[in-house]
Amino acid sequence: MYHKFIKPFPKDFLWGASTSAYQVEGAWNEDGKGPSVIDMGKHPEGTSDFKVASDHYHRYKEDIALFAEMGLKAYRFSIAWTRIYPKGTGEINEKGIAFYNDLINELLSHNIEPIVTMYHFDLPYALQEKGGWSNRETVDAYENYAKTLFKYFGDRVKYWLTINEQNMMILYGAVLGTFDSKIENPQKELYQQNHHMLLAQAKAMKLCHEMCPNAKIGPAPNIISIYPASSKPEDVIAASNFSSIRNWLYLDAAVFGRYNSIAWSYLEEKGYTPIIQEGDMEILKNGKPDFIAFNYYSTSTVAESKNDSSNKNSTGDQQIAIGEPGVYRGVSNPYLEKTQFGWEIDPIGFRNTLREINERYNLPLLVTENGLGAYDKLEEGDVVNDDYRIDFLRKHIEQAKLAITDGVNLIGYCPWSAIDLVSTHQGFSKRYGFIYVNRDEFDLKDLRRIKKKSFYWYKDVIESNGEKI
Ligand code: BG6
């Protein structure tokens, strides 16, 4: 739709930026922190581990001062479950509570709204050893952990996110390092884990409303528009299949408390249906989100599945869908350019995704990730000319504005990432930040913070409330 008048961003729009604990903090075994599945996992050869990351744990004050200088209105970060409960449950680690108390207070002292992800891929390893999400006890452990977070931080945190990218953990857990390769019938087991995570999420949403009536809580999956490769009806059905399995399964459960029917018939067809105990659907229904947070990097394009060996059931990456025999086949979109890491760049797809989510659920939307991973170059005089990142973000912000004009209730935009950090599986060289961290894949150098060109650009965007982009 062409608009003659473009609406401005709302006055109190949450201009922010994001990180996650294990990718930015470092201090992986300090002050009583227990190991997580990420700490105990393998990292692809040639990429950094997460032990030091950006050393944010020791430098958070300096980092927050920089966020404030950039003008951030909000900062989306995650709490490491293993800092609060080193073993996932049991005794609280007071130093973990103290760290996040300090972090939250520091943000508030700079008028930056904390947006807290309760769990971002880093399940406590002690829980994993007992079966992780396959074990229903993990639901109780998460609920107990949620209760602790609301008790200690609920007086100051107004925005909570339950689970980061649950859909990516289920679909691409092997890539993200969250998948337990020892399980026997992995696909079926994964959907049982999924069911348990949905229960955990619903319980947390209910608890949040009871304990923190002034706070808001929502899910944070990765949601993208799925295009059919052509107007061939078979391709359209394939796109609808993938969209239900990848997107709507997760949001229908979070918002309506029910399983999406197309996704459910897929689970039946494949023999992946989870065991649903009596009362489970009641639990799902009782947890209601106040908003939908979602991460967006790219769209996917799919064609009819040929149901033969040319249709591989695998993926090289969480944003590059290859397909599943009999269901859909991922193809590349000839209209889109790609990042240095092969992710298709689709700002208009962002507008479309916002519209689709808005149409289905009619809830406020919060973008909790969007950004460009690139090999940045530190030049003479501490300069990083990341014009390509500015270009990427500018185009997405323009489309967000159009989506608002379309009638989408968008309450905030938090690009990934506030500062350079370790990518999920492509190391430190794949940088996303507005702030450069002076380290290499393995050489930690001095970890000095350097403002990139995009830092100054984003500052202007925020200052002008999205008018000067
Ligand atoms: C999302 C995750 O999948 O994408 C982040 O929530 C991640 O944790 C981001 O870092 C970018 O992906 P990657 O693989 O480039 O780090």
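Definitions and limits used
Residues numbered from 1 in each chain as written. Predicted model: local features only at pLDDT ≥ 70, side-chain atom pairs only at ≥ 80, totals over all residues. Heavy atoms only, no water. UniProt positions renumbered as here; feature names shortened; annotations may be inferred. Contact = heavy atoms within 4.5 Å. Polar contact = N/O pair within 3.5 Å; in protein donor to acceptor, adjacent residues only side chain to side chain. Core = buried A, V, L, I, M, F, W, Y, C linked by side-chain atoms within 4.5 Å. Buried < 20%, exposed > 50% of the residue type's maximum accessible area, 1.4 Å probe, protein only. Helix = DSSP H or I, 4+ residues; strand = E, 2+ residues; numbered from the N terminus. Expected span 1.5 Å × (residues − 1). Phe/Tyr/Trp six-rings, centres within 6.5 Å; stacked < 30°, edge-to-face > 60°. Near = heavy atom within 4 Å. Areas by Shrake-Rupley, 256 points an atom, 1.4 Å probe, with all protein chains shown as cover. Nonpolar A, V, L, I, M, F, W, Y, C, P; charged D, E, K, R; others polar. Pairing = 2+ DSSP bridges. Axes fitted to C-alpha atoms, helices over the stretch in contact; angles between N-to-C directions.

As annotated in an unreviewed UniProt entry, the protein chain carries the name 6-phospho-beta-glucosidase and comes from Thermoanaerobacterium butyriciformans. Under the heading Sequence similarities (unreviewed entry), UniProt records this for the protein chain: "Belongs to the glycosyl hydrolase 1 family."

Undergrad: Which parts of the structure should I look at to understand the UniProt feature "active site" (unreviewed entry) in the protein chain?
TA: If you check UniProt for "active site" (unreviewed entry), the listed places come out as Glu369 in our numbering. Other than its neighbours up to four places away in sequence, glutamate 369 contacts Ser18, Arg76, His120, Asn164, Glu165, Phe294, Asn295, Tyr296, Tyr297, Cys414 and Trp416. Side chain to side chain, glutamate 369 and arginine 76 meet in a polar contact 2.8 Å long.

Undergrad: Just to check I follow, could you spell out the nonpolar core for this structure?
TA: Soluble globular proteins tend to bury their nonpolar side chains together. Judged by nonpolar contacts, the single largest core of 133 residues is most densely connected at Trp81, Tyr100, Met118, Tyr142, Phe153, Trp160 and Tyr458. Judged by nonpolar contacts, the second largest core, of 10 residues, contains Ala74, Ala220, Phe291 and Cys414.

Undergrad: Any chance you could explain helix α13 (residues 347-361) here in plain terms?
TA: Note: α-helices contain 3.6 residues per turn, so residues at a spacing of three or four share the same orientation. An ideal rise of 1.5 Å per residue puts 21 Å on 15 residues; α13 measures up with 22 Å between its terminal C-alpha atoms. Turning to α13, its buried residues number three or more, namely Pro347, Gly349, Phe350, Arg351, Thr353, Leu354, Ile357, Asn358 and Tyr361. Tucked into the core, α13 has its buried residues touching β6 (226-228), α10 (233-256), β7 (292-295), β13 (365-369), α14 (387-406) and β14 (410-413). Directly beyond the C-terminal end of α13, a positive phi value near 50° is found at asparagine 362.

Undergrad: Before we go on, may I ask you to explain the packing of aromatic side chains in this structure?
TA: For any pair of aromatic rings, the description rests on two quantities: the centre-to-centre distance and the angle between the ring planes. Tallied over the entire structure, the rule returns 35 aromatic pairs. Between tyrosine 60 and phenylalanine 99 the ring centres are 5.4 Å apart and the planes differ by 90°, which places this aromatic pair in the edge-to-face class. Here phenylalanine 99 lies in helix α5 (residues 94-109) and tyrosine 60 lies in helix α3 (residues 56-70), a separation of 39 residues in the sequence. Take tyrosine 60 and phenylalanine 99: they sit in the same class, and that class is buried. Of the aromatic side chains, those joined through ring pairs into one cluster are Phe9, Phe13, Trp15, Tyr296, Phe350, Tyr413, Phe434, Trp457 and Tyr458.

Undergrad: Looking at this structure, I do not really get the site of the ligand. What am I missing?
TA: Taken together, 16 residues are adjacent to the ligand, and Gln23, Glu165, Thr424, Lys430 and Tyr432 come closest. In this structure, an oxygen atom belonging to the ligand sits 2.7 Å away from a side-chain N or O atom of glutamine 23. Here an oxygen atom of the ligand sits 3.2 Å away from a polar atom, N or O, in the side chain of serine 423. Expressed as a share of its isolated accessible area of 380 Å², the protein-covered part of the ligand is 100%. Grouping the amino acids of the shell around the ligand by side-chain chemistry returns 5 nonpolar, 8 polar and 3 charged.

Undergrad: Got a minute to help me understand the sheet that holds strand β12 (residues 328-331) in this structure?
TA: Two strands in a sheet stick together by hydrogen bonds in their backbones, pointing the same way (parallel) or opposite ways (antiparallel). Judged by pairing direction, the sheet is mixed, and its 4 strands sit side by side in the order β6-β8-β12-β11 without closing on themselves. Because the sheet does not close on itself, it has two edges, and the strands there are β6 and β11 (323-324). In terms of strand pairing, β11 meets β12 through 2 bridges, oriented antiparallel. Bridging from a neighbouring strand, glycine 323 pairs with arginine 329 of β12. Running over the sheet, α10 touches β6, β8 (300-303) and β12 and is turned about 165° from β6.

Undergrad: For this particular structure, what's the right way to read α5?
TA: Here α5 contains 16 residues, and its C-alpha end-to-end distance of 22 Å stays within 8% of the 22 Å for a straight helix at 1.5 Å per residue. Buried within α5 we find Gly96, Ile97, Phe99, Tyr100, Asn101, Leu103, Ile104, Glu106 and Leu107. Tucked inside the fold, the buried residues of α5 contact α1 (21-24), α3, β2 (74-78), α4 (81-84), β3 (113-117) and α7 (137-153).

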